[in-house]
Amino acid sequence: MSTGTPPLPAGTRIGHVHLKVSDLERAIGFYSGVLGFEVTQRLGNSAAFLSAGGYHHHIGLNTWQSRGGPAPATNATGLYHTAILLPDRKSLAAVLHRVLEAGIALEGAADHGVSEAIYLRDPDGNGVELYRDRAEAEWPRAADGSLAMGTEALDLQALLAQVE
């Protein structure tokens, strides 16, 4: 679909997400203690930056305007979810195991053909997608070669079998 605007280069990525949270320690407990991101920097008790693999930050958390605030309304505009791409199926299985061990409810799990995804909410009600991509050669295609993504049930027990 062309808009006449030149496309961004193929190497373009979304670098990080910055979330307004109600309780900084609770949010760090989720993103670091459950999901496994490492805290790279703190700004007192008002902000923290977290990463995977030593990057400066993938997630920023702050209470600058939201300390003690309510969760976002589900029928309001705003961020639908933050999608966190794991490098492989085994890594997705490991983080799913930690989420379930922490007693966090899943909102869904899907096999999209191009990826396998797990959906949940963080302690502030923000949507979180944990997923892994399949190799491009495995992506489902229509007869004309276009992508044929879908939403099928994801077998969580088979995924969890990847955890050693």
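Going by the structure above, here's the rest.
Residues numbered from 1 in each chain as written. Predicted model: local features only at pLDDT ≥ 70, side-chain atom pairs only at ≥ 80, totals over all residues. Heavy atoms only, no water.

**Q** Explain the nonpolar core here, please?
**A** Across soluble globular proteins, you tend to see nonpolar side chains buried next to one another. Core analysis: the biggest nonpolar cluster contains 30 residues, and Phe-30, Tyr-31, Leu-35, Leu-61, Ile-118, Leu-120 and Leu-130 have the highest contact counts within it. When residues of this core are assigned to their parent elements, the largest contribution, six residues, is made by helix 1 (residues 24-34). Setting aside residues no more than four positions away along its own chain, Leu-120 makes contact with Phe-30, Val-99, Ile-104, Ala-105, Leu-106, Glu-107, Asn-126, Gly-127, Val-128 and Leu-130. (Core = buried A, V, L, I, M, F, W, Y, C linked by side-chain atoms within 4.5 Å. Buried < 20%, exposed > 50% of the residue type's maximum accessible area, 1.4 Å probe, protein only. Helix = DSSP H or I, 4+ residues; strand = E, 2+ residues; numbered from the N terminus. Contact = heavy atoms within 4.5 Å.)

**Q** Mind showing me how you'd approach the pairing of strand 4 (residues 59-62) here?
**A** The side chains of a regular strand alternate, residue by residue, between the two faces of the sheet. Side chains Ile-59 and Leu-61 project from strand 4 onto one buried face, and the interleaved Gly-60 and Asn-62 project onto a second face that is buried too. Across four bridges, the pairing between strand 1 (residues 17-20) and strand 4 is parallel. Bridge pairing in strand 4 links Val-17 to Ile-59. Inspection of the sheet shows strand 3 (residues 47-51) paired to strand 4 by four bridges, in the antiparallel sense. Across the sheet, residue Leu-50 finds its bridge partner in strand 4, namely Ile-59. (Pairing = 2+ DSSP bridges.)

**Q** I would appreciate a short explanation of the sheet that holds strand 3 in the present structure.
**A** The strands that make up a sheet are held in pairs by hydrogen bonds between backbone atoms, and each pair lies either parallel or antiparallel. Taken in spatial order, the four strands line up as 1-4-3-2 in an open sheet, and their pairing is mixed. Either end of the sheet is taken by a strand with one partner, and the two such strands are strand 1 and strand 2 (38-43). Within the sheet, the average angular offset between the axes of one strand and its neighbour, ignoring direction, is 20 degrees. (Axes fitted to C-alpha atoms, helices over the stretch in contact; angles between N-to-C directions.)

**Q** It is not clear to me how the sheet that holds strand 6 (residues 106-111) should be interpreted in this structure. Could you clarify?
**A** Pairing is mixed across the open sheet formed by five strands, whose spatial order is 5-8-7-6-9. Taken across any chain shown, the strands that pair with only one partner, and hence form the sheet edges, are strand 5 (82-86) and strand 9 (152-153). Bridging between strand 6 and strand 7 (residues 115-121) involves five bridges; their strand directions are antiparallel. Within strand 7, the residue paired with Leu-106 across the bridge is Leu-120. Packed onto the sheet, helix 2 (residues 89-101) meets strand 5, strand 6, strand 7 and strand 8 (127-133) and runs at close to 150 degrees relative to strand 8.

**Q** Sorry, what's going on with the pairing of strand 6 here?
**A** Between strand 6 and strand 7, which pair antiparallel and follow one another directly, the connecting turn spans three residues, one of which, Gly-113, has a positive phi of 85 degrees. When strand 6 meets strand 9, the two strands line up antiparallel, connected through two bridges. Across the sheet, the residue bridging to Asp-111 is Glu-152, located in strand 9.

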